[in-house]
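Fold and contact review
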Amino acid sequence: MEQTFASGGTGPGIADAAVAALADEPLDWRFKAAPSESPPAWRPGGAPRGRTVREWLADGPTLASLGTPLLTLDGAALAHNVRTMADWCAKAGVTLAPHGKTTMAPALWQAQLDAGAHGITLANLPQVRVARAFGVQRILLANTLLDPAGLAWLADELAADPAFAFLSWVDSAESVRLMDEALRAAGAERPVEVLVELGGPGGRTGARGVDAAVEVAAAVLRAPTLRLAGVGGYEGALAHDATADGLATVRDYLRTLARLHGRLARACPDDAPPVVTAGGSAYFDLVAEELAALPDALVVLRSGAYIAHDDGFYRGISPLARADGEVPFRGALHGWARVISRPEPQLALLDAGKRDLPFDEGLPEPQRVRGGAELTGTAARISALNDQHAYLRDAGDLAPIGAVLRLSVSHPCTAFDKWTAIPVLDSADAAEPKVTGLVRTFF
């Protein structure tokens, strides 16, 4: 039986064997987080051959065995965040399809699906192809797919696997026409499910206003290669803070999205509930408040950054930090960098920079010296990043040459993409953290 996104499907939603096979990858110079082993092992013919991830982890490595610069994940914090979000969604009466673009890590997608996520959200076709390589069964593409070659690939993928459920967005009659033409040319056998995307003034993509969105839906209903499945959008493009004005803007948008659902719900096929989707990691509480009670709808959150959270932007704006009585997420990402120069008494240079750590939503913050002083609450700060250096100011003798600092980071979505393999620690707060896993990313 061919699956729709709303009806879901059977099985874990991802190929567990494909994820498990990542532990058999050789861990060598291709991964900048890999430990430096001497002498390097080589196969005849010059092919690289390091120990596999599984073999390395069996030795019980610790953080001290890894070099700098480094990005790590705190395993306890990851588990807490996955469990906390799953519990919150169940209590709020909403479904979760976490945005996989945050991590592009099949092992973390697996953890989210195992905790009850309905599917995985992605942002573009290359990401979808990664997900399909790992057998992800239910995919929400929070974007419009117009590439003819990509649509031909999608048509083949849907035809080959009746259990694969795929959902994407459209926001104009022209995008509907282009999708329909490409799918017809590809000989598509299954219709592609689409949501009508609602935007907002000054925002990103999406039809501007309910009437314009209804016209897009009418075009979908005329296109034999498409299937109207509901409505969606992204409130985070319209606000960037938790001020009263910002929250009011988000609420107004969500109420408009609810009105659009009311206009279109009866036009959707009746074999599955219409989908209504919104919600990044900043305002998912408002999404639940405004949309969870919609009758006969599958309300889907797409929050992604919550799994790693941060000690920067999301620390301040997360709904679970803003609301009284909620269990907050925990920052799971840490940078580690070594002091390699102190050319001035109150200036030290670290060996991590823009190539290693995110900087678009705030600079890293020094938290502690490994095995030494606490820096949180002192005057120590990162004032700038170059490609491969960080400028540490006002730490003085607390951060001598050779010291390794733990740094907080801000914005997970631009942290994971800098690392192809990220060590997982049992606890970043431990005196000597143990490495318990290695998360492989595919950007």
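Residues numbered from 1 in each chain as written. Predicted model: local features only at pLDDT ≥ 70, side-chain atom pairs only at ≥ 80, totals over all residues. Heavy atoms only, no water.

Description of the sheet that holds strand S4 (residues 138–141)
With parallel pairing, eight strands are arranged side by side in an open sheet as S2-S9-S8-S7-S6-S5-S4-S3. The open sheet has two edge strands with one neighbour each: strand S2 (95–96) and strand S3 (120–122). Where strand S5 (residues 165–170) meets strand S6 (residues 192–197), four bridges bridge the pair, whose relative direction is parallel. Across the sheet, residue Leu 167 finds its bridge partner in S6, namely Glu 193. Sheet strands in contact with helix H7 (residues 173–185) are S5, S6 and strand S7 (226–232), and its direction is about 140° off that of S5. (Pairing = 2+ DSSP bridges. Helix = DSSP H or I, 4+ residues; strand = E, 2+ residues; numbered from the N terminus. Contact = heavy atoms within 4.5 Å. Axes fitted to C-alpha atoms, helices over the stretch in contact; angles between N-to-C directions.)

Remarks on the pattern of salt bridges
Applying the stated criterion across every chain, the model contains 26 salt bridges. For the salt bridge of Asp 28 with Arg 30, the shortest nitrogen-to-oxygen distance reads 2.8 Å. Take Asp 28: its relative accessible area is 7%, and that puts it in the buried class. Asp 387 serves as the salt-bridge partner of Arg 355, at 3.6 Å between the closest nitrogen and oxygen. Separated by 32 residues along the polypeptide, Arg 355 in the loop between strand S11 (347–350) and strand S12 (365–369) and Asp 387 in the loop between strand S13 (381–385) and strand S14 (390–393) bring together distant segments of the chain. Arg 355 gets classed as partly exposed once you look at its relative accessible area, which sits at 49%. For Asp 387, a relative accessible area of 40% gives the class partly exposed. A cluster of three or more residues bridged by salt bridges with shared partners is formed by Arg 251, Arg 255, Glu 289 and Glu 290. (Salt bridge = Lys/Arg side-chain N within 4 Å of Asp/Glu carboxyl O. Buried < 20%, exposed > 50% of the residue type's maximum accessible area, 1.4 Å probe, protein only.)

Details of the pairing of strand S15 (residues 404–408)
S15 sits mainly inside the fold: five of its five residues count as buried. Of the two faces of S15, the one lined by Val 404, Arg 406 and Ser 408 and the one lined by Leu 405 and Leu 407 are each fully buried. Taken together, the five bridges between strand S10 (residues 333–344) and S15 define a ladder with antiparallel strand orientation. Counterpart to Arg 338 in the pairing with S15 is Val 404. One ladder, built from four bridges, connects S12 with S15; its direction is antiparallel. Its bridge partner being in S15, Glu 365 is matched across the sheet by Ser 408.

Structural notes on the packing of helix H8 (residues 210–222) against helix H9 (residues 244–264)
Helix packing geometry: the angle between the two helix axes and the distance between the axes. Relative orientation of the contacting elements H8 and H9 amounts to 40°, with a least axis distance of 10 Å. Relative to H9, the element H8 lies oblique. The crossing of H8 and H9 is right-handed. Side by side, H8 and H9 meet where Val 210, Asp 211, Ala 213, Val 214 and Ala 217 of the first sit next to Thr 256, Leu 260, Arg 263 and Leu 264 of the second. Taken together, the residues that form the contact of H8 with H9 break down as six nonpolar, one polar and two charged. (Parallel < 35°, antiparallel > 145°, perpendicular 65-115°, else oblique. Left-handed = near helix turned anticlockwise from the far one by under 90°. Nonpolar A, V, L, I, M, F, W, Y, C, P; charged D, E, K, R; others polar.)

A look at the side chain of Thr 84
Structurally, the position occupied by Thr 84 is in helix H3 (residues 75–92). From its side chain, Thr 84 meets the backbone oxygen of His 80 in a polar contact 2.7 Å long. Thr 84 has contacts with Leu 320, Val 327 and Phe 329, leaving out every residue within four places of it along the chain. (Polar contact = N/O pair within 3.5 Å; in protein donor to acceptor, adjacent residues only side chain to side chain.)

Describing the packing of aromatic side chains
Throughout the structure, instances matching the rule amount to six aromatic pairs. Geometrically, the ring pair formed by Phe 134 and Phe 442 is tilted, given 5.4 Å between the ring centres and 55° between the ring planes. Taken together, the positions of Phe 134 in the loop between helix H5 (125–133) and S4 and Phe 442 in the segment after strand S17 (435–440) put the pair 308 residues apart, joining distant regions of the chain. On the accessibility criterion, Phe 134 (9% relative accessible area) is buried. Ring centres of Phe 284 and Phe 329 lie 6.3 Å apart, and the angle between their planes is 55°; this geometry places the pair in the tilted category. (Phe/Tyr/Trp six-rings, centres within 6.5 Å; stacked < 30°, edge-to-face > 60°.)

Considerations on the nonpolar core
If you look at the biggest cluster of nonpolar residues, it comprises 129 residues, and the most contacted ones within it are Leu 73, Leu 291 and Leu 405. Considering each element in turn, this core owes the most residues, seven residues, to H9. Every residue in contact with Leu 73, bar those within four places of it in the chain, is listed here: Leu 78, Leu 108, Ala 308, Ala 332, Leu 333, Phe 416, Ile 422, Pro 423, Val 424, Leu 425 and Val 439. One finds Phe 5, Ala 142, Ala 165 and Trp 169 within the second-largest nonpolar core, a separate group that totals 14 residues. (Core = buried A, V, L, I, M, F, W, Y, C linked by side-chain atoms within 4.5 Å.)

Here's the deal with H8
Side chains three or four residues apart in an α-helix point the same way, a direct result of the helix having 3.6 residues per turn. Over its 13 residues, H8 runs 19 Å from end to end, which matches the ideal 18 Å to within 8%, given 1.5 Å per residue. Regarding H8, the residues found buried are Val 210, Ala 213, Val 216, Ala 217, Ala 219 and Val 220. Summarising the contacts, the buried residues of H8 are in contact with S5, H7, S6, S7 and H9. (Expected span 1.5 Å × (residues − 1).)

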